[in-house]
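Given next are the chains, with one letter for each unit.
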Amino acid sequence: MSAIESVLHEGRVFPPSAEAVAGATISGMDAYRALMAEAERDYEGFWAKLAKETLSWRKPFTKVLDESNAPFYKWFEDGELNASYNCLDRHVEAGNGDRTALIFETDDGTSTNITYKDLLGRVCRFANALKRRGVKKGDRVVIYMPMSVEGVVAMQACARIGAPHSVVFGGFSSKSLNERLVDVGAVALVTADEQMRGGKALPLKNIADEALAMGGCEAVKSVFVYRRTGGSVQWDASRDLWMNEAAGKEADTCEPEWLSAEHPLFVLYTSGSTGKPKGVQHSTGGYLLWAAQTIKWTFDWKPSDVFWCTADIGWVTGHSYITYGPLALGATQVVFEGVPTYPNGGRFWSMIEKHKVSVFYTAPTAIRSLIKIAEADSKVHPKSYDLSSLRIIGTVGEPINPEAWVWYHENVGGKRCPVVDTWWQTETGGHMISPLPGATPLVPGSCTLPLPGIMAAVVDETGQDVPNGQGGILVVKRPWPAMLRTVWGDPERFKKSYFPAELGGKLYLAGDGAVRDKDTGYFTIMGRIDDVLNVSGHRLGTMEIESALVSNPIVAEAAVVGRPDETTGEAVVAFVVLKRSRPEGEEAEKLANELRAWVAKEIGPIAKPKDVRFGDNLPKTRSGKIMRRLLRSLAKGEAITQDVSTLENPAILEQLAQVR
Ligand code: WT7
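Residue numbers here run from 1 along each chain, matching the order of that chain's written sequence. Per-residue local features are limited, in this predicted model, to residues with pLDDT of at least 70; the limit for side-chain atom pairs, both in listing and counting, is 80 or more; totals at the level of whole chains, interfaces and linings are taken over all residues. The basis for every side-chain value is the complete set of heavy atoms in the structure, and neither hydrogens nor water enter the calculation.

**A few points about the site of the ligand**
Here, proximity means that at least one heavy atom of the residue falls within 4 Å of the molecule or strand. Among the 17 residues in the neighbourhood of the ligand, the closest are listed as Asp421, Thr422, Thr426, Asp512 and Arg539. Under the rule applied, a polar contact is a pair of N or O atoms within 3.5 Å (in protein, one hydrogen donor and one hydrogen acceptor; residues adjacent in sequence only if both atoms are side-chain atoms). Thr426 places a side-chain nitrogen or oxygen 2.6 Å from an oxygen atom of the ligand. One of the side-chain N or O atoms of Asn534 is found 3.4 Å from an oxygen atom in the ligand. Areas reported as accessible are Shrake-Rupley estimates using a 1.4 Å probe. Residue values count occlusion only from the protein chains shown. Burial of the ligand by the protein amounts to 95% of the accessible area it has alone, namely 550 Å². Contributions of two or more residues to the shell around the ligand are made by helix H12 (316-329), strand S20 (419-422) and strand S25 (523-528). Ten residue types, Ala, Val, Leu, Ile, Met, Phe, Trp, Tyr, Cys and Pro, are classed as nonpolar, four, Asp, Glu, Lys and Arg, as charged, and the remainder, Gly among them, as polar. Of the residues belonging to the shell around the ligand, the class tally is six nonpolar, six polar and five charged. The secondary structure listing takes helices from DSSP runs of H or I that are at least 4 residues long and strands from runs of E that are at least 2 residues long, numbered from the N terminus.

Put into C-alpha cells, the structure is as follows:
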C-alpha cells in the first residue's frame, strides 16, 4: 500500500483529552466552528480584531484589506509598526526584560540563556552597526549564517531598521548564494567564519567570498563576519568587518524605524517548477500577525511553555517559528546549532529533557531517521529519557506517514501529547491547515482542518469545488494577511504561479494535490502537482537540478524525477545522457559520483541525486517530449505497464531501468 492509500484507509482517531480541551485557547470543536463562522460573517472584522490584539501598532490602521489591485492584496496598509519592537521592546517595557528569550545550545552541548533585555541590546548594537555602514530602510541584506544567536540578531536588526533581509541556508553553494545576492540586489552580507555541525567545521566565509567574486553583486559594500570557530579566513579590509567588533562599538539603543504594515520584512528564495528560485516577499504586519497567532492556536501557546522548533533560520519555518513568532509572543525558546544525530541519535530527546521543552516542532524526515536509530539502540530511544515536560508535538514540511505519526505520538508524546501535523508553505507565511490541540480529533497522516480564517478548498482544473472523497487541487479562496505579496522583482511570475487564469485568477494555487475525507472533511495532502520535489522537507525544482547537470561539460541531456524514499520522503533520481558513449561498470560509478558532487557544488548537498542512471538517450515521444511518467516508474523500479506506443525509442527503457 502506498503512503497515501494507507492514510486514506486510516481508521484510528485520537480525540483530545478532557484536560487538553479544558485549558485550551480554542477549546473544543464548537469554539473552532464559532471562529470559522465569525470569519465567514465578517472577514475583515475577524482579522482586524486579531491584528489589534496580537500586535502593538505605532499608528493604528484604518483600512483592513485592500483588494483594488488583486491579486496584489494589501493588509493594514496605513497602520505603522516595527517587527523588532513587537518582538523585543514591548516585552521589556512590560517588565519582562529578564525573561529568557533564547536558550542557545551549541553543537557540542554548551548552553547559554539570553534574556529579552540582552537580546534587545544586541539587536540595537548590530542595527546601529548596519546603519553606520550606510544600510538604510529599504536596502536588502543577505544573511548566510549558521544557527546562532547572531543569526537571529542579524534578522531582527534588519527588521529594526526596515532593511528587508534575505536569509540563505548555510548548506547552499557559492553559486546559489551568488544568484540570490544578485537577484535581491543586496548591499550587505552577514556571514560567519565557519559553522559547526555534527562535530565538523564547515566553511561559510570562504564560500561567501567565492559567491561575491562571481560578480553581479558589486553593490555589496559590507560583509559582517561572526567569529564562530576562529578558523582562518581571507580578509578584504575595505569590505569585511567582524560582527562582534562592529556591534561592540555601538550604543545598545536604537530607535526602530516605524514602517507601513506593507513594508517588506523579508525575501526568502524557494524553488518553483520552472526556472530559477523565486524570491517570496513577505510583509511586516500581516506576516508577523500570523507567525504569532498560529503559535497561540496551533501550539496552544502559554507563557510557561518552553518552545523548540528544530528548523534552520535559512527556511521559512525558522523565520516564523524561531525568529519572529515566538519572540513576538515573548516566549522562551530553544535554539540549536547542531544536528539530531550528534553526538548520537538521542540528541533531541536529551535536549527536551535538559531544557524541559513543552512544545516540540520538527520534520517527519528527522522523526523517520531517529526511529531507525532508536529501534536499533535502546540507549538513544526516547523511552530512555524523561520527556514528561512535553505537552504538544508537531511536524512540518512534508506528509507524515501514519506509522511514523503513531511512533512519534507513542514514544515521544507518551500517548498524551497531541501531534499537530501543520501544512503550510514558504508563501503562506505560517500554518494554514492544522489540528488544534484542544479541539481537533486527530487522524494520523491528515493535517485535518484549516485554521480559523483560512478558506482552503479542493478544486478541479477549472477551479470548481470537487466533492469530498475526490482528489483535486489545493487552493485558498480568500487572501489572508500572511500571504506572500509578490515574487521579488517579478510580479508577472507571482500572478502566473499563484493566481493562474485557468483557475479564474482569484484562487491561490498552493501547488499541492489534496483530498478531503467524505465524513469529516479532513484534508490529506497528496504531494506536489508540479515539478517540485520534497526531499527531507526541502523544496527542490527538478528543472534546477537538470540545469545544474547539463551545465557540466560532459553532460548532453538530463531529466530529474522524484522517487518515494523511506527516510527522506522523496529522493532525487537523475537520468543522464553523456556527450560520450554510455558508461558502464566502474566508470559509470565514478562518473555518477562526479555528477553528484557537481550538483552539490552547483546548488548544495541537499540537491544531490541519490541515484544517477546513464542512457544512450531519454524516453521521448515522437514530438521530442521527455516522458516523465515513464521515468518516475523506472525510478521506482516498477515494471512499465503504461502505453509506450508513442515512444520513439522503446529500447532505452531497459537501459534506464538498470540500477548500478
Ligand atoms: C511544501 C512547502 C512549511 C514550511 C516548510 C516547507 C509540503 C509542508 C506539509 C505537511 C504535507 C507538507 C507541501 C508544500 N508540506 N508541510 N504538513 N503535510 N506536505 O516549506 O519549502 O515552502 O514547502 O511542503 O508540498 O507545498 P516549503
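**Examining the packing of aromatic side chains**
Note on aromatic pairs: the rings of Phe, Tyr and Trp (six-membered ring only in Trp) are paired at centre separations within 6.5 Å, and the planes decide the class, stacked below 30 degrees, edge-to-face beyond 60, tilted for the rest. Under the criterion given, the structure shown has 39 aromatic pairs. Judged by centre distance (5.9 Å) and plane angle (65°), the ring pair of Phe172 and Trp315 falls under edge-to-face. Pair noted here: Phe172 is in the loop between strand S7 (165-167) and helix H8 (174-184) and Trp315 is in the loop between strand S16 (306-309) and H12, with a separation of 143 residues, a long-range link. For the pair Phe172 and Trp315, one class covers both residues: buried. An aromatic cluster is defined as three or more aromatic residues linked by ring pairs; in this entry it consists of Tyr43, Phe46, Trp47, Trp57, Phe61, Trp75, Phe76, Trp290 and Trp297. In this structure, Arg180 is placed above the aromatic ring of Phe172, and the distance from its NZ or CZ to the ring centre is 4.5 Å. Across the ring face of Trp242, the terminal group of Arg227 is positioned such that the distance to the ring centre comes to 4.1 Å. Exposure is judged per residue with a 1.4 Å probe applied to protein chains only, and the accessible area is read against the type maximum: over 50% gives exposed, under 20% gives buried, and values in between give partly exposed. Two thresholds decide whether a charge sits over a ring: the Lys NZ or Arg CZ must be within 6 Å of the ring centre and within 35 degrees of the ring normal.

**Focus: the sheet that holds S25**
What the four strands build is an open sheet, ordered S21-S22-S24-S25; its pairing is antiparallel. Each end of this open sheet is capped by a strand with a single partner; those strands are strand S21 (456-459) and S25. Adjacent strand axes in the sheet meet at a mean angle of 45°, parallel and antiparallel pairs treated alike. Strand pairing requires that DSSP identify at least two bridges connecting the strands. One ladder, built from four bridges, connects S21 with strand S22 (residues 472-476); its direction is antiparallel. For helices, the fitted line uses only the C-alpha atoms of the stretch in contact; every axis is such a line through C-alpha atoms, and the angle between N-to-C directions lies from 0 to 180 degrees.

**A closer look at helix H15 (residues 402-412)**
Burial of H15 is extensive: nine of the 11 residues sit out of reach of the surface. Every buried residue belonging to H15 is among Pro402, Ala404, Trp405, Val406, Trp407, Tyr408, His409, Asn411 and Val412, and all of these are buried. A positive phi of about 55° marks Gly414, the residue just after H15.

**Side note on the domain arrangement of the chain**
Domain delimitation follows an automatic or database domain assignment. Domain annotation for the chain reports domain 1 (4-456) and domain 2 (536-657). One C-alpha centre belongs to domain 1, the other to domain 2; they are set 34 Å apart. Note on contacts: a residue pair qualifies if any of its non-hydrogen atoms lie within 4.5 Å across the two residues. With 24 residues of domain 1 at the contact, the number on the domain 2 side is 19 residues. Across the domain 1 to domain 2 interface the summed buried area is about 1600 Å²; carbon plus sulfur atoms make up 45%. Between Lys or Arg on one side and Asp or Glu on the other, a salt bridge is scored when a side-chain nitrogen of the former is within 4 Å of a carboxyl oxygen of the latter. Summed over the shared surface of domain 1 and domain 2, the number is three salt bridges. For the salt bridge of Glu210 with Lys601, the shortest nitrogen-to-oxygen distance reads 3.4 Å. Our enumeration of links across domain 1 and domain 2 arrives at 13 residue pairs in polar contact (both at pLDDT 80 or more). Looking at the side of domain 1 that touches domain 2, the elements with two or more residues in it are H8 and helix H14 (364-376). When residues of the side of domain 1 that touches domain 2 are assigned to their parent elements, the largest contribution, four residues, is made by H14. A per-class count over the side of domain 1 that touches domain 2 returns three nonpolar, 15 polar and six charged. Computed with a 1.4 Å rolling probe, the buried area is the accessible surface lost when two parts are put together, summed over both parts.

**As for the layout of surface pockets**
Cavities and pockets are defined on a 1 Å grid built over the protein atoms alone: a cavity is a set of grid points where a 1.4 Å probe fits but cannot escape, while a pocket is an open set with protein on both sides within 12 Å along at least five of seven lines, and lining residues are those with an atom within 4 Å of any such point. Grid points are joined across faces, edges and corners, and a volume is the space filled by probe spheres set on the points. Considered as a void within the structure, the second largest pocket measures approximately 390 Å³ in volume. In this structure, the second largest pocket is lined by 21 residues; those nearest its centre are Ser17, Ala20, Arg391, Arg416 and Pro418.

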